[in-house]
Amino acid sequence: MFQFDNSYAQLPERFFAPVYPEPVEGPTLLKFNAALAQELGIDADLSDPQRLAAILAGNVVPAGAMPIAMAYAGHQFGSFVPQLGDGRAILLGEVIDRKGTRRDIQLKGAGPTPFSRRGDGRAALGPVLREYIVSEAMNALGVRATRALAAVATGEPVYRETPQPGAVFVRVASSHVRIGTFQYFAARQDIDGLRTLADYVIERHYPQLGSEDNRYLALLRAVAFAQADLVARWMGIGFIHGVMNTDNMTLSGETIDFGPCAFLDEYDPMKVFSSIDQMGRYAYRNQPGIAQWNIARLAECLLPLIGADEDKAALTANRVLTEFGQRFQSEWLNVFRHKIGLVQGHEGDGELVQGLLGAMHEGEADFTLAFRRLCAVAAGGGGGGGDDAFLSSFKDTANAVEWLAVWRTRLSEEAVPDSERAAAMRAANPAVIPRNHKVEEALAAANYGDLSFFERLLGALENPFEDRPEFEDYTIPPKPEERVLQTFCGT
Ligand code: AMP
Ligand code: MG
């Protein structure tokens, strides 16, 4: 079924542990992403869902697979753990997609591995479907993220606070190498391992750097920029990752691990949803700073490769951290400039954006809806069309009214037809996001065996920038009693 072409499993033995998935009682296919399968050149026999489920649950290991659990370390909430590793994920192998890109096929929740510690190696249905929904939504929203190939029920319970139905998630990533993978070798002072890993990542993700004078410094910069761009895009859709540990940050620049992630309802820069993030380390506003902190940890790992003179290497690596900050600022401004309909960059645009965000914070405006309604204001030009709908998102409108006037003056400096500007804004401000309460609704129904809410939500998220009346309920903020106040880790 898969045309495997495995490279990670060819690396030295200490990079991973070979391990077979543990078969499950009753694999049942819940969802299969046929469009992605096609993109990956997977030849799946949809007329035999039972066999497909058996393969995707790990009961049948397909020809050419070399199943392994990857070794990695990581800083979790700031504390270093020298050995984490894939405790409940097994990399089946890699395929080359239709565009020639190497992609990992990983089974998450496929049974224990040598890295499981006290965990059971399993995943519950709810978190599996959450990852399916959010990762596909991110991609449709134009934000780089791992993909969902399938969700399979195991027919077995998993025991968390309460027994829950078990499931396996089939994840596709451009690779699963994390900052924590580098930390694993650095913690062991395994310089050969570090070099092998760095060369592997350069060849796989940044082949253009292979000829640079200092390829390891260039790698650090490329990863820093990829992450700066990524986090700027998260900010633009109100995404809060929730567990930005170094083991959850990829070298490829794809978003990974959708445990307690959530989206802003009303705009509050200090918003935190995750029950385990009691200090607010991974709050919305802290994300760029944390990404930079994580890149600093990667820099520490790469120092011995960057230069023999450690002080000199540290100085150059430090410069990359400064560049991260600059890159993030300019990407952030880019993202938000487009959100408010500006085409050209001007002095003072940052303040203009902050002015709106400040009014939204004070007025407790729904982040997604307020920006979407601003598109309609732009369509109405100077005539005040759409103002009422936009302002109705704010509990306190005084600042928003004032802001609209300043914004209109700024818009008048750019000669763009209203309809064109509004269309560009609609392409930068989604109507539909995976609203927390709608995700919870879909997962709750699925736990009772009803996948219709999950399916409908996925349908709504396929074209998040279009106004589609049939999906209007997904564009509306939660009622007070529907609000999700806290999210939980998927473990
Ligand atoms: P995560 O919070 O999903 O990023 O996982 C952090 C670490 O805990 C990784 O090493 C995981 O493999 C491990 N882990 C999480 N859940 C389980 C589980 N149910 N069984 C075994 N290991 C787990
Ligand atoms: Mg993780």
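Because the structure is a prediction, the values reported are computed rather than measured.

### A few points about the nonpolar core
Core analysis: the largest hydrophobic core is formed by 135 residues, its most contacted members being Y8, F182 and W407. When residues in this core are grouped by element, the largest group, 16 residues, is from helix α6 (residues 215-237). Apart from the residues lying within four places of it in its own chain, the contact partners of W407 are I340, L352, L374, V377, A378 and M425. Y132, V432, L443 and L461 belong to the second-largest nonpolar core, a separate cluster that totals 24 residues.

### Comments concerning helix α14 (residues 436-447)
The end-to-end C-alpha distance of α14, which contains 12 residues, comes to 17 Å, matching closely the 16 Å that a straight helix rising 1.5 Å per residue would cover. Among the residues of α14, N436, H437, K438, V439, A442, L443, A445 and A446 are the ones counted as buried. On its buried face, α14 is in contact with α3 (125-140), β12 (262-263) and α15 (452-462). Two residues or fewer past α14, G449 is found with a positive phi of approximately 90 degrees.

### As for unusual backbone geometry
One non-glycine residue with positive phi stands out, namely R117, at about 50 degrees. By relative accessible area, which is 58% here, R117 ends up exposed. For D257, which is not glycine, the phi torsion reads 70 degrees and is therefore positive. You can see D257 is positioned in the loop between β11 (239-240) and β12. Using a relative accessible area of 14% as the deciding quantity, one classes D257 as buried.

### A short note on the coordination of the magnesium ion (ligand 2)
Every protein donor of the magnesium ion (ligand 2) is listed here as N248 (OD1) and D257 (OD), and their distances to the metal cover 1.9 to 2.2 Å. Judged by relative accessible area, which is 11%, N248 ranks as buried.

### Overview of the side chain of D97
Mapped onto the fold, D97 is located in the loop between β6 (89-96) and β7 (102-108). Note on D97: relative accessible area 8%, which makes it buried. Side-chain polar atoms of D97 contact the side chain of R103, separated by 2.8 Å. Once you skip the residues sitting within four places of it in the chain, D97 turns out to touch E39, L40 and R103.

### A closer look at helix α5 (residues 191-205)
Spanning 15 residues, α5 covers 21 Å between terminal C-alpha atoms, matching the ideal 21 Å at 1.5 Å per step. Of the residues making up α5, those classed as buried are G193, L194, L197, A198, Y200, V201, I202, R204 and H205. Looking at the buried side of α5, the elements it contacts are β6, β7, β10 (163-173), α4 (179-187), α6 and α7 (287-306).

### A few points about the pattern of salt bridges
This model, assessed by the stated rule, comprises 37 salt bridges. K31 is paired through a salt bridge with E455; the nearest N and O atoms lie 3.0 Å apart. You can see K31 sitting in strand β2 (residues 28-32) and its partner E455 sitting in helix α15, a full 424 residues away along the chain. A salt bridge links E482 to K479; its shortest N-O distance comes to 3.9 Å. The class for K479 is partly exposed, based on a relative accessible area of 48%. It is possible to trace a salt-bridge network through shared partners that takes in D5, E94, R102, D104 and R204.

### Some remarks on the packing of aromatic side chains
Under the definition given, this model contains 21 aromatic pairs. The interplanar angle of 85 degrees and the centroid separation of 5.3 Å between the aromatic rings of Y8 and Y200 together place this pair among those described as edge-to-face. On the criterion of sequence distance, the pair formed by Y8 in the segment before β1 (16-18) and Y200 in helix α5 is long-range, its members being 192 residues apart. A residue is classified by how much of its surface remains accessible, and Y200, at 10% relative accessible area, is buried. Plain terms: the ring middles of W234 and F239 are 5.3 Å apart, the flat faces sit at 70 degrees to each other, and that makes the pair edge-to-face. Relative accessible area serves as the criterion here: at 3%, W234 is assigned to the buried category. Note on F239: relative accessible area 0%, which makes it buried. Here a set of aromatic residues connected by ring pairs shows up, and it is made of Y267, Y284, W332, F336, F367 and F371. When the ring centre of W293 is taken as reference, the NZ or CZ atom of R281 above it lies at 4.8 Å. The cationic tip of R297 hangs over the ring face of W293; the distance from NZ or CZ to the ring centre is 4.4 Å.

### Considerations on the domain arrangement of the protein
One can read the domain layout of the protein as domain 1 (8-173), domain 2 (179-248 + 281-333) and domain 3 (342-426). The gap between the C-alpha centroids of domain 1 and domain 3 is 42 Å.

### Quick word on the packing of α3 against α14
Where α3 contacts α14, the axes come no closer than 9 Å and their chain directions differ by 140 degrees. By the angle between their axes, α3 is oblique relative to α14. Pair α3 / α14 crosses with right-handed handedness. Side by side, α3 and α14 meet where L125, G126, L129, R130 and I133 of the first sit next to V439, E440, A442, L443, A446 and N447 of the second. Across the contact of α3 with α14, the residue classes tally to 7 nonpolar, 2 polar and 2 charged.

### A closer look at the packing of helix α10 (residues 367-379) against helix α13 (residues 418-426)
Helices that pack against each other are described as a pair by the angle of their axes relative to one another and the distance between those axes. Across the interface, α10 lies against α13 with an axial gap of 8 Å and an inter-helix angle of 170 degrees. Viewed along their axes, α10 and α13 adopt a mutual orientation that is roughly antiparallel. Side by side, α10 and α13 meet where R372, L374, C375, A378 and A379 of the first sit next to D418, R421, A422, M425 and R426 of the second. A per-class count over the contact of α10 with α13 returns 6 nonpolar, no polar and 4 charged.

What counts and how
Residues numbered from 1 in each chain as written. Chains lettered and ligands numbered in written order. Predicted model: local features only at pLDDT ≥ 70, side-chain atom pairs only at ≥ 80, totals over all residues. Heavy atoms only, no water. Core = buried A, V, L, I, M, F, W, Y, C linked by side-chain atoms within 4.5 Å. Buried < 20%, exposed > 50% of the residue type's maximum accessible area, 1.4 Å probe, protein only. Helix = DSSP H or I, 4+ residues; strand = E, 2+ residues; numbered from the N terminus. Contact = heavy atoms within 4.5 Å. Expected span 1.5 Å × (residues − 1). Donors = N, O, S within 2.8 Å, 3.2 Å for Na, K, Ca; no water. Polar contact = N/O pair within 3.5 Å; in protein donor to acceptor, adjacent residues only side chain to side chain. Salt bridge = Lys/Arg side-chain N within 4 Å of Asp/Glu carboxyl O. Phe/Tyr/Trp six-rings, centres within 6.5 Å; stacked < 30°, edge-to-face > 60°. Lys NZ or Arg CZ within 6 Å of the ring centre and 35° of its normal. Domains from an automatic or database assignment. Axes fitted to C-alpha atoms, helices over the stretch in contact; angles between N-to-C directions. Parallel < 35°, antiparallel > 145°, perpendicular 65-115°, else oblique. Left-handed = near helix turned anticlockwise from the far one by under 90°. Nonpolar A, V, L, I, M, F, W, Y, C, P; charged D, E, K, R; others polar.

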